Each structure stands twice: as structure tokens, then as C-alpha cells.
Amino acid sequence: RRDKPVGVKTKKAPNSAEGAGIAVAEHGASAAEAYGFVGFVLTGVMYVVYLVWAYTPEDVLVRLGVTYYPDKYWALAVPCWICVLVLYGAWMYEGVNMMSVRDLDDPDLIAEENGFIGSEADEPDLPGSVPSMRDTPVEEVNRVLFQTKGRRVRTRRVGEKR
């Protein structure tokens, strides 16, 4: 296995790249930079070729000597399919995420197996110290979030008068 190309003198990059094991060539660009630039240029060229093919009438293409090319249907069909696939991918991504979320009544969402549910009266923390770690009881969470102060919260139903 070779760590560097033959005939290329390399030096360690200052600071950040040094620890990552990235070698920087003394003269010229690295392979990743060169491939990135070539990809960038080819993408632009292919886009211009696509636009010329899509908007140039067939008789002009034949007069220029271009006789073998796809049907113009694909000039519109491929971008439409790509848009649909992107939308479908976003929909599938959200669907998979929703399937991987636990149910709201799952006991693991309320308390851990080895968790410690305690109150501040159990073991008071020293003044100015970081509070000790403990699970917060559901009743306390509801009291803080909904300001219920131990009383039952009743919500109005849709269409119900006060």
C-alpha cells in the first residue's frame, strides 16, 4: 500500500490537516481537488449540451450532422422523473422516521430501567455545584409545562360552549 504517489514530494499541512493524516502536495492541486474541478467543468458542459439538444429543432441538428440522439420526449421526461423521485424520497424519509419513533404510551419514554427518579428533597446539591443527574417525574414535567399545580386540566371540546 502506498501512502503517497510516486514522484510527488509532500509536506504536512499546518495545524488542522496534520492530525487527520492528509498530505498536501508542494506544487499543484491534490487529486481530490483535480477530480472536483473536472467534475464541475464536465457538469457545466453537459448541461449546455442538454440545453442545445432540448431547444434546437431536429432539422437544424440534422443539418449540423447530428443524426443519433434521443427523442425530445426525454428532454422533459427525465427532469420530471427526477423531481418526482426527490419528492418521493423526502416522503419516504419522513415515513421511515415516523416508523422508527416509539409510541407515546411506551414505558421507555416515561422512565428508564436503571434511571433514578428523585426530587430535590432527597439529596440536596451543594450551592453553586452542577445539579445531580436524575429523571424528572412526569407529574413535575406536566406541572412545569402546563402550570397545572396538581389539579386536573380539562380542555374544551370543539364546538363546546363555555
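Note: the structure precedes this text.
These figures come from a predicted structure and were not determined experimentally.

Draft legend 1. Spotlight on the overall build of the protein chain. Looking only at helices and strands, one finds six helices and two strands in the protein chain. For the protein chain, the sequential pattern of α-helices and β-strands runs β-α-β-α-α-α-α-α. Within the span of the protein chain, comprising 162 residues, buried residues form 8% of the whole. For the protein chain, long-range pairs separated by at least 24 residues make up 5% of all intrachain contacts whose partners lie at least 6 apart in sequence. Of the accessible surface of the protein chain, which amounts to about 15500 Å², a share of 61% is contributed by carbon and sulfur atoms.

Draft legend 2. Local environment of the packing of helix H2 (residues 31-55) against helix H4 (residues 73-100). Running from amino to carboxyl end, H2 crosses H4 at an angle of 130°, the nearest separation of the two axes being 8 Å. The orientation of H2 with respect to H4, classified from their angle, is oblique. Together, Tyr-50, Trp-53 and Ala-54 of H2 and Trp-74, Ala-75 and Pro-79 of H4 make up the contact between the two elements. Residues of the contact of H2 with H4, tallied by class, amount to six nonpolar, no polar and no charged.

Draft legend 3. Focus on the side chain of Thr-56. Its location among the elements puts Thr-56 in the loop between H2 and helix H3 (58-63). Residue Thr-56 is classed as buried on the basis of its relative accessible area of 17%. Separated by 2.5 Å, the side chain of Thr-56 and the backbone oxygen of Val-52 make a polar contact.

Draft legend 4. Spotlight on a nonpolar patch on the surface. Side chains of Phe-37, Val-38, Phe-40, Val-41, Leu-42, Val-45 and Val-49 sit close together on the surface and give an oily, nonpolar patch of about 670 Å² of accessible area. As for its position among the elements, Val-38 is in helix H2. Judged by its relative accessible area of 46%, Val-38 is partly exposed.

Draft legend 5. Region of interest: the packing of aromatic side chains. Scanning all chains against the criterion turns up three aromatic pairs. Ring geometry for Tyr-73 against Trp-74: centres 4.9 Å apart, planes inclined by 75°, an arrangement best described as edge-to-face.

Draft legend 6. Up close: the pattern of salt bridges. Counted according to the given criterion, the structure contains one salt bridge. We note a salt bridge from Arg-63 to Asp-59, for which the minimum N-O separation is 3.8 Å. Here Asp-59 and Arg-63 lie together in helix H3, a separation of four residues that amounts to about one turn. Residue classification places Asp-59 among the partly exposed residues on the basis of a relative accessible area of 47%.

Draft legend 7. Seen up close, the state of the cysteines. Using the criterion set out here, one finds zero disulfides in the structure. Just so you know, Cys-80 is unpaired, no disulfide at all, and the nearest cysteine sulfur is the one on Cys-83, 6.5 Å from it. Overall, the relative accessible area of 42% leaves Cys-80 in the partly exposed class.

Draft legend 8. Broad picture of the environment of Thr-56. Distance in space between the C-alpha atoms of Thr-56 and Lys-72 is 9.9 Å, their sequence separation being 16 residues. Setting aside chain neighbours within four positions, we find Thr-56 in contact with Leu-61 and Lys-72.

Draft legend 9. Spotlight on the environment of Glu-58. Structurally, Glu-58 can be placed in helix H3. The class for Glu-58 is partly exposed, based on a relative accessible area of 42%. Spatially, the C-alpha atom of Glu-58 lies 9.7 Å from that of Tyr-69, the residues being eleven residues apart in sequence. Each residue touching Glu-58, except ones within four places of it in the same chain, is listed here: Tyr-69 and Lys-72.

Calculation notes
- Residues numbered from 1 in each chain as written.
- Predicted model: local features only at pLDDT ≥ 70, side-chain atom pairs only at ≥ 80, totals over all residues.
- Heavy atoms only, no water.
- Helix = DSSP H or I, 4+ residues; strand = E, 2+ residues; numbered from the N terminus.
- Buried < 20%, exposed > 50% of the residue type's maximum accessible area, 1.4 Å probe, protein only.
- Contact = heavy atoms within 4.5 Å.
- Areas by Shrake-Rupley, 256 points an atom, 1.4 Å probe, with all protein chains shown as cover.
- Axes fitted to C-alpha atoms, helices over the stretch in contact; angles between N-to-C directions.
- Parallel < 35°, antiparallel > 145°, perpendicular 65-115°, else oblique.
- Nonpolar A, V, L, I, M, F, W, Y, C, P; charged D, E, K, R; others polar.
- Polar contact = N/O pair within 3.5 Å; in protein donor to acceptor, adjacent residues only side chain to side chain.
- Patch = residues over 30% accessible without salt bridge, like charges linked within 9 Å, V, L, I, M, F, W, Y side chains within 5 Å.
- Salt bridge = Lys/Arg side-chain N within 4 Å of Asp/Glu carboxyl O.
- Phe/Tyr/Trp six-rings, centres within 6.5 Å; stacked < 30°, edge-to-face > 60°.
- Disulfide = S-S within 2.5 Å.

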